[in-house]
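Examining the three-dimensional arrangement
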Amino acid sequence: KRFKTILISICFFGIIFLVLAYFFFFPKAKSSVGNVRDFNVLLITLDTTRADRIGAYGYDKAKTPNLDTLASTGIKFVNAYCQVPLTLPSHCSIFTGTYPLYHHVHNNGFYYLDEDQVTLAEVLKSNNFQTAAFVSSFTVDSRFGIGQGFDYFDDTFLDDEMFKNFRSERPAEKVFESFRDWLDEHSKNKFFCWVHFYDPHSPYFPPSPYKEEFYDSPYDGEIAYMDFYVGKTIEKLKEKGIFQKTLIILAGDHGEAFGENGESDHGLFLYNSTLKVPLVFYAENKIPSGLEILSSVRLIDIMPSILDMLGVEVPDKVQGTSLLPYIDSQK
């Protein structure tokens with residue numbers, strides 16, 4: 001009996017020793033993501049943008065050199081999905097890391113993101129980031145609660161517009177100009193910026209020269225026009241000397257259907273045409289270059305991934321998960 005007791009004790013303490021030895025003598029493998037804790041964060045959302053209409057995702061008719069460059073030199077998530085194919089609810093999922101059933105925003109125009117929801121902007125503001133947003137559609141107007149946590153939220157669509165309505169929007173050029181002017185004054189401070197481009201949303205009326213070049217595919221023309229101002233946004237970061245210390249995330253909020261499964265536009269059915277979106281992470285010399293992740297990921301994973309990279313605690317209510325393990329495993 002005594003021998004049995006001694007044997008059990010030896011086994012017990014042996015297990016304890018092995019566990020402690022593992023943690024002390026075999027440190028956790030170093031992440032492939034470098035230290036970006038002092039980086040700025042720029043989130044660019046591409047409204048109504050299908051993944052399969054971007055050059056980097058295999059569409060040879062695309063004119064998206066700027067999106068393609070970031071995707072080929074950063075991390076491209078091949079199978080990224082939105083949680084709802086509608087602009088306001090999808091952005092609420094991005095900014096809270098939660099499903100619509102949790103944040104309770106189910107459609108455009110008739111729902112409001114409650115103040116008890118914790119947003120990415122609020123978390124970063126509490127961690128000494130200056131926060132600013134530049135949006136291009138009434139669907140994400142600040143009146144719907146999406147502006148929580150932003151020090152500056154530019155939702156002015158037309159200078160002479162007396163009343164906003166569901167048709168209120170502005171082109172990528174104007175959104176970029178607003179971002180450019182803000183950055184001229186704030187580039188020396190650590191910031192989180194959200195830039196929202198709405199152009200690929202119907203109706204499709206790209207400006208010249210895209211109107212002529214894509215006369216038979218105006219949706220592609222809108223994406224090409226938007227891509228041009230994604231490039232201008234990147235150029236502005238370089239001009240201010242902060243491109244090398246900015247974590248950039250590109251994400252479609254949802255896709256668009258062109259007759260697939262009997263649907264045109266979006267918001268009715270849940271198929272890849274409206275759910276599968278581009279998602280790219282870029283941070284120069286800090287994340288793997290040219291990496292393609294094939295695992296299925298979600299837009300609600302963006303918030304915890306950003307916070308994980310910055311070393312900021314993820315709120316308990318967040319339902320998404322960090323994508324760093326996918327990046328480290330390269331799967």
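Please refer to the structure placed before this passage.
Here is a short report on the structure shown in this document. Bear in mind the structure is a predicted one, so any value in this text is a computation, not a measurement.

**Quick word on the packing of helix 2 (residues 65-73) against helix 8 (residues 218-239)**
- With their axes 7 Å apart at the nearest point, helix 2 and helix 8 run at an angle of 60° to one another. Overall, the two elements helix 2 and helix 8 adopt an arrangement that is oblique. Counting all contacts with helix 2, which are made through Pro65, Asn66, Leu67 and Leu70, the residues of helix 8 involved are Asp227, Phe228, Val230, Gly231 and Ile234.
- Taken together, the residues that form the contact of helix 2 with helix 8 break down as six nonpolar, two polar and one charged.

**Observations concerning empty space enclosed by the protein**
- Using the criterion set out here, one finds two cavities of 30 Å³ or more in the structure.
- Put simply, the largest cavity is a space of about 50 Å³.
- Taken together, Leu46, Ile54, Tyr57, Leu67, Ala71, Leu250, Pro278, Leu279 and Val280 make up the full set of residues lining the largest cavity.
- Each pocket or cavity is described by its volume, and for the second largest cavity that value is around 50 Å³.
- Every residue along the wall of the second largest cavity is listed here: Thr96, Thr98, Tyr102, Gln117, Val118, Pro315, Lys317 and Val318.

**Some thoughts on the pairing of strand 6 (residues 246-252)**
- The buried count for strand 6 comes to seven of seven residues, which makes it a mostly enclosed element.
- On strand 6, burial covers both faces: Thr246, Ile248, Leu250 and Gly252 on one face and Leu247, Ile249 and Ala251 on the other are all buried.
- Looking at chain direction, strand 1 (residues 40-46) and strand 6 are connected through seven bridges and run parallel. For Ile44, the partnering residue across the bridge sits in strand 6 and is Leu250.

Basis of the calculations
- Residues numbered from 1 in each chain as written.
- Predicted model: local features only at pLDDT ≥ 70, side-chain atom pairs only at ≥ 80, totals over all residues.
- Heavy atoms only, no water.
- Axes fitted to C-alpha atoms, helices over the stretch in contact; angles between N-to-C directions.
- Helix = DSSP H or I, 4+ residues; strand = E, 2+ residues; numbered from the N terminus.
- Parallel < 35°, antiparallel > 145°, perpendicular 65-115°, else oblique.
- Contact = heavy atoms within 4.5 Å.
- Nonpolar A, V, L, I, M, F, W, Y, C, P; charged D, E, K, R; others polar.
- 1 Å grid on protein atoms, 1.4 Å probe; cavity = no way out; pocket = protein on both sides within 12 Å on 5 of 7 lines; lining within 4 Å.
- Points joined across faces, edges and corners; volume = space filled by probe spheres on them.
- Buried < 20%, exposed > 50% of the residue type's maximum accessible area, 1.4 Å probe, protein only.
- Pairing = 2+ DSSP bridges.

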